[in-house]
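Next come the chains, spelled out residue by residue.
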Amino acid sequence: MAPRIPLQSPLQHSDTVATAGGVDHHPSQPTGWRRWLLTTNHKEIGTLYLIFSLSMFFVGGIFALVVRAELFQPGLQLVEPEFFNQMTTMHGLIMVFAAVMPAFTGLANWMIPLQIGAPDMALPRLNNFSFWLLPVAFTLLLSTLLMPGGGPNFGWTFYAPLSTTYAPASTTFFILALHIAGISSILGAINIIATILNMRAPGMRLMDMPLFVWTWLITAFLLIAVMPVLAGVITMMLMDINFGTSFFDAGGGGDPVLFQHLFWFFGHPEVYIMILPAFGIVSAIIPTFARKPLFGYASMVYATAAIALLSFLVWAHHMFVVGLPLVAELFFMYSTMLIAVPTGVKVFNWVTTLFRGSISFESPMLFALAFVVLFTIGGFSGLMLAIAPADFQYHDTYFVVAHFHYVLVPGAIFAIMAGVYYWLPKWTGHYPNETLAKWHFWFSVIGVNLTFFPMHFAGLAGMPRRIPDYALQFADFNLVSSIGAFFFGASQLLFVLVIILCVRGGKPAPAKAWEGAVDLEWTVPSPAPLHTFETPPVFRQIEK
Amino acid sequence: MRSHQAEGVRKTVTKTIFALMGMFAFAFALVPLYDVFCEVTGINGKVSTSAQQVLSNEVNRDRYVTVQFITRTSAGLPWRLGVETRQVQIHPGQMTEVDFTFSNRSQSASWGRAVPSVSPSTASAHVRKVSCFCFQEQRLDANENLTIPLVFQLDNTLPEDIATVTLVYTLYPLEESNERPIVARHMNNKNGEI
Ligand code: HEM
Ligand SMILES: [Cu+2]
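Just so it is clear, the model here is predicted, and its values are computed rather than measured.

Rules and cut-offs
Residues numbered from 1 in each chain as written. Chains lettered and ligands numbered in written order. Predicted model: local features only at pLDDT ≥ 70, side-chain atom pairs only at ≥ 80, totals over all residues. Heavy atoms only, no water. Helix = DSSP H or I, 4+ residues; strand = E, 2+ residues; numbered from the N terminus. Rg over C-alpha atoms; globule rule 2.2 N^0.38 Å. Buried < 20%, exposed > 50% of the residue type's maximum accessible area, 1.4 Å probe, protein only. Contact = heavy atoms within 4.5 Å. Areas by Shrake-Rupley, 256 points an atom, 1.4 Å probe, with all protein chains shown as cover. Buried area = accessible area lost by both parts, 1.4 Å probe. Salt bridge = Lys/Arg side-chain N within 4 Å of Asp/Glu carboxyl O. Polar contact = N/O pair within 3.5 Å; in protein donor to acceptor, adjacent residues only side chain to side chain. Nonpolar A, V, L, I, M, F, W, Y, C, P; charged D, E, K, R; others polar. Donors = N, O, S within 2.8 Å, 3.2 Å for Na, K, Ca; no water. Near = heavy atom within 4 Å. Expected span 1.5 Å × (residues − 1). Phe/Tyr/Trp six-rings, centres within 6.5 Å; stacked < 30°, edge-to-face > 60°. Core = buried A, V, L, I, M, F, W, Y, C linked by side-chain atoms within 4.5 Å. Pairing = 2+ DSSP bridges. Axes fitted to C-alpha atoms, helices over the stretch in contact; angles between N-to-C directions. Bend = angle between axes of the 7 residues up to and from the residue.

Peer 1: Pulling in residues and values, what's your account of the overall build of chain A?
Peer 2: Each helix and strand in chain A was counted, giving 15 helices and zero strands. On C-alpha atoms alone, chain A measures out to a radius of gyration of 23 Å, which is about the 24 Å that the 2.2 N^0.38 rule sets for 544 residues. Evaluated residue by residue, chain A yields a buried proportion of 60% over its 544 residues. At a minimum sequence separation of 6, the contacts of chain A that also span at least 24 residues come to 82%. Accessible surface, chain A: about 20200 Å² in total, of which carbon and sulfur atoms supply 71%.

Spelled out as structure tokens, the structure:
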């Protein structure tokens, strides 16, 4: 398994062209598209992940806009209910597995080696393979939309027996696609763990690592723990569908509730997989722009670990209404509320870092601050949902939709955007256009709140989720949500524009692009050369 | 990469691969574990799938419990399951017999099974079935009717706060032959004691 890369002298081939027909060692660089297909460089692979994620963000976004267009008014106008169901399902699957997760993996690829002073990821070829599995998986998944009977229509949570006995014929392809995406995440996680544990610059102890590295390490352990469970569940589905078993079929002695237990045993840690790296990004940006060290570094690390451990004990808060016995309702209610404690510690630490800092409001900071505020709103609606008797009312309504979109869009996705604006100068050597970036920020904040805030009210008033039509009293809330969604979607084009402009030019950035930045990535030139830290840097202990 | 690093990477990778295989196996192990857990605690409304002995004949005449019967047929089986009465009032400890009638309303023979569930789930451990059609698969010829009794007892330890127990039977189709689905778990009458 160990990579066999010859020892290289620094900067051996950063500007030499491949010798034609030379022995194909790593150093001879293919050009053109083969360069990207075969690259084992962590920066190039990071870029591939980020571009893939951004494209999928738009694909998933278009699906969401189909949903919002249909819900603009009560009644059935634009699409058939069957297609509507495929859109909600595909939107969820694409955003979770093809947009948010690969974006974090892309950032990990780019930044973890730079932040720990390593020359590359521990397993560069495996890294290439992990990435290229993704386009395969999602081409397959998207192709199910064109198959007879349509694509998956059972929600991103694919509850059996809806996804087995009553599923469209394409479900086997859906399972295969998810298996491939899962393998990609697992391989990525192995690589990240191996890199962080073995390749830190001499002198850098675990408790010296930047928080982005810490949160990713813990996320990678979560992935190792729960992706195999997801693989197990979908394998059982595959067998129920194709080989006559009855894991989830009551008629054959199975139990559909078992599906939900297994799914959420994966699913709840999965939602933390999508937020822990975001915590890491925000914990890098806030100290930089408040020009103060992060308050409570150690407590941040312990809080992250506590959240990860607790996330294995709360899964049935998604199942309060399946008929759990009272003791189980109580157990999962209290354990869920307990998670709010370490989460609160984090919010407290960010706010305290800001306290009496000399703050400036560049675009990364704006996104990070919006993250803190809006993610906390999502945390509070989560606490409301955690109250088991109240959840009997809220479950499967738009209130749940509002909750998880607050933690995922202005949570995970804002953090990713903050990270992109923060590290773009390092990637491209130019500052992003600050004016456009600010417009992007304000449009996004307004769009997000217009879209998702009214969903709280629609949900509390009883509007069920995953329906193509609704009762008249919900019309106003839905109208606002739909307008907000199109506004938000359109403003993301600005994001693409800023990135393209920044790649092509802009105000040149020095090695240390932000005045208050401290981590190792700011010691290499901007743009970061293809090969960095070929000789390990000297790690100076920075006061945390 | 320096060699001590390569060594460390190899070790880390080996460990994570073991963890991965362990978790994959754990997901499958959860299937039987879930059943064992539910059987021991009786918390998902599953009742024993084999005949049980009567615990004691002591009848608690001071207490009445309503037992309701609900029957339904899942898609794909042209059968009906009827019950002699929808509701009975009984004492804990009292042996009760209720007739259920299966009728095949199609022109061909088929196999089916009635799968029981008890609500509230905390009552399931206290429903003792001495004889039940749900212990076996049924085969009905075209247009055949078959009446089979359910003989059961609510034991004396039924929690005080339970005044109504609902027994639900859902009919599921089975494949043509009586070959059982691969993971049909302990559906057969293991001990055979009646
Ligand atoms: C204070 C922290 C949180 C609490 C107490 C909490 C609680 C809950 C509860 C009780 C539900 C189930 C609601 C229902 O279906 O009736 C839920 C759903 C959900 N939560 Fe959270 N949550 C928290 C944070 C998060 C975070 C950080 C994320 C992701 C980044 C997240 C993502 C989700 C998702 C995706 C669902 C819906 C899944 C579905 O049914 O489609 N939550 N949350
Ligand atoms: Cu959860």
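After that view of the structure, there is still more to cover.
Peer 1: With reference to specific residues and values, describe the interface of chain A and chain B.
Peer 2: Taken together, the contact between chain A and chain B spans 41 residues of the former and 35 residues of the latter. Summing both sides of the interface, chain A and chain B together bury roughly 3200 Å²; the carbon and sulfur share of this comes to 75%. The interface formed by chain A and chain B includes zero salt bridges. Between chain A and chain B we count three residue pairs in polar contact (both at pLDDT 80 or more) in total. Only α5 (171-198), α6 (211-242) and α7 (256-273) of chain A provide two or more residues apiece to the side of chain A that touches chain B. Sort the elements by how many residues they give to the side of chain A that touches chain B and α6(A) lands first, with eight residues. Class assignment of the residues belonging to the side of chain A that touches chain B gives a composition of 27 nonpolar, 12 polar and two charged.

Peer 1: Pulling in residues and values, what's your account of the coordination of the iron atom of ligand 1?
Peer 2: Residue and element names in this part refer to chain A. Here the protein supplies the iron atom of ligand 1 with just one donor, His-403 (NE2), and that contact is 2.1 Å long. Between the iron atom of ligand 1 and the copper ion (ligand 2), a separation of 4.6 Å is found. Note on placement: His-403 falls in helix α13 (residues 398-428).

Peer 1: Account for the site of ligand 1, with residues named and values stated.
Peer 2: Residues and elements named next belong to chain A. In the region of ligand 1, 23 residues are neighbours, and Trp-156, Asp-391, His-395, His-403 and Arg-465 sit closest. Asp-391 has a polar side-chain atom sitting 2.5 Å from an oxygen atom of ligand 1. At a separation of 2.7 Å, an oxygen atom of ligand 1 approaches a polar side-chain atom of His-395. For the shell around ligand 1, the secondary structure elements donating two or more residues are α7, α11 (363-386) and α13.

Peer 1: So, helix α2 (residues 42-71) of chain A: which residues are in play, and what are the values?
Peer 2: Its 30 residues give α2(A) an end-to-end C-alpha distance of 42 Å, which sits within 8% of 44 Å, the value for a rise of 1.5 Å per residue. Put simply, A:Asn41 is the residue that caps the front of α2(A), since its side-chain oxygen is 2.7 Å from the backbone nitrogen of A:Lys43.

Peer 1: An account of the packing of aromatic side chains is requested, with residue identities and associated values reported.
Peer 2: Residue and element names in this part refer to chain A. Using the criterion set out here, one finds 54 aromatic pairs over all chains in the structure. On the basis of an interplanar angle of 10 degrees and a centroid distance of 6.5 Å, the ring pair of Phe-97 and Phe-266 is categorised as stacked. Of this pair, Phe-97 sits in helix α3 (residues 81-116) while Phe-266 is found in helix α7, placing the two residues 169 residues apart along the sequence. We note that Phe-97, like Phe-266, is buried. Measuring from ring centre to ring centre gives 4.9 Å for Tyr-394 and Phe-399, while their planes differ by 35 degrees; the resulting arrangement is tilted. Per residue, the accessibility class of Tyr-394 equals that of Phe-399, and both read buried.

Peer 1: Before we move on, can you summarise the environment of A:Leu383 with the specific residues and values?
Peer 2: All names here are of chain A. If you trace the backbone, Leu-383 turns up in helix α11. On the basis of relative accessible area, Leu-383 is assigned to the partly exposed category, the value being 29%. It is 35 Å that separates the C-alpha atoms of Leu-383 and Ile-51, two residues lying 332 residues apart in sequence. Ignoring anything within four residues of it in the chain, the contact list for Leu-383 reads Met-337 and Ala-340.

Peer 1: Account for the nonpolar core, with residues named and values stated.
Peer 2: Counting 196 residues, the largest nonpolar core has A:Phe138, A:Phe158, A:Phe248, A:Trp350 and A:Phe371 as its most contacted members. If one sorts the elements of this core by residue count, α3(A) sits on top with 21 residues. Setting aside its immediate chain neighbours within four residues, A:Phe138 contacts A:Phe52, A:Ile94, A:Phe97, A:Ala98 and A:Ala181. In terms of nonpolar packing, the next biggest core, distinct from the first, is built from 32 residues, B:Trp79, B:Val88, B:Ile90 and B:Ile148 among them.

Peer 1: Before we move on, could you go through the coordination of the copper ion (ligand 2) and cite the residues and values that matter?
Peer 2: Residues and elements named next belong to chain A. Within the protein, His-268 (ND1), His-317 (NE2) and His-318 (NE2) serve as the donor atoms for the copper ion (ligand 2), at 1.9 to 2.1 Å. Here the donor residues of the copper ion (ligand 2) are spaced in sequence according to H-x48-H-H. In this structure His-317 comes out as buried when scored by relative accessible area, which is 14%.

Peer 1: Kindly report on the sheet that holds strand β9 (residues 164-174) of chain B, identifying the contributing residues and their values.
Peer 2: Residue and element names in this part refer to chain B. Read across the open sheet, the five strands follow the order β3-β1-β9-β5-β7; overall the sheet is mixed. Edge strands, defined here as strands with exactly one partner in the open sheet, are β3 (87-90) and β7 (138-140). For this sheet, the mean angle separating the axes of adjacent strands, direction not counted, is 30 degrees. When strand β5 (residues 110-119) meets β7, the two strands line up antiparallel, connected through three bridges.

Peer 1: Describe α7(A), with residues and values.
Peer 2: Residues and elements named next belong to chain A. The first and last C-alpha atoms of α7 sit 26 Å apart over 18 residues, in line with the 26 Å expected at 1.5 Å per residue. Roughly 30 degrees is the biggest bend found in α7, and it falls at Trp-264. Most of α7 is tucked away: 15 of the 18 residues are buried. Looking at where α7 begins, the residue whose side-chain oxygen comes 2.8 Å from the main-chain nitrogen of Val-257 is Asp-255.

Peer 1: An account of unusual backbone geometry is requested, with residue identities and associated values reported.
Peer 2: Each neighbour pair has its own omega, and for A:Ser526 with A:Pro527 the value is -5 degrees, a cis peptide bond. Of note, A:Pro527 is situated in the segment after α15 (475-504). Going from B:Ser119 to B:Pro120, the amide bond is cis rather than trans, its omega being -5 degrees. Locating B:Pro120 in the fold gives a position in the loop between β5 and β6 (127-131). If you check the backbone angles, A:Asp396 has positive phi at about 60 degrees while not being a glycine.

Peer 1: Please provide a residue-by-residue account of the sheet that holds strand β2 (residues 79-83) of chain B, values included.
Peer 2: All names here are of chain B. Taking strand neighbours across the sheet as the criterion, the four strands line up as β2-β4-β8-β6 in an open arrangement whose pairing is antiparallel. Edge strands, defined here as strands with exactly one partner in the open sheet, are β2 and β6. Each strand of the sheet is rotated relative to its neighbour by a mean of 30 degrees, with strand direction disregarded. Pairing of β6 with strand β8 (residues 145-154), which is carried by four bridges, proceeds in the antiparallel orientation.

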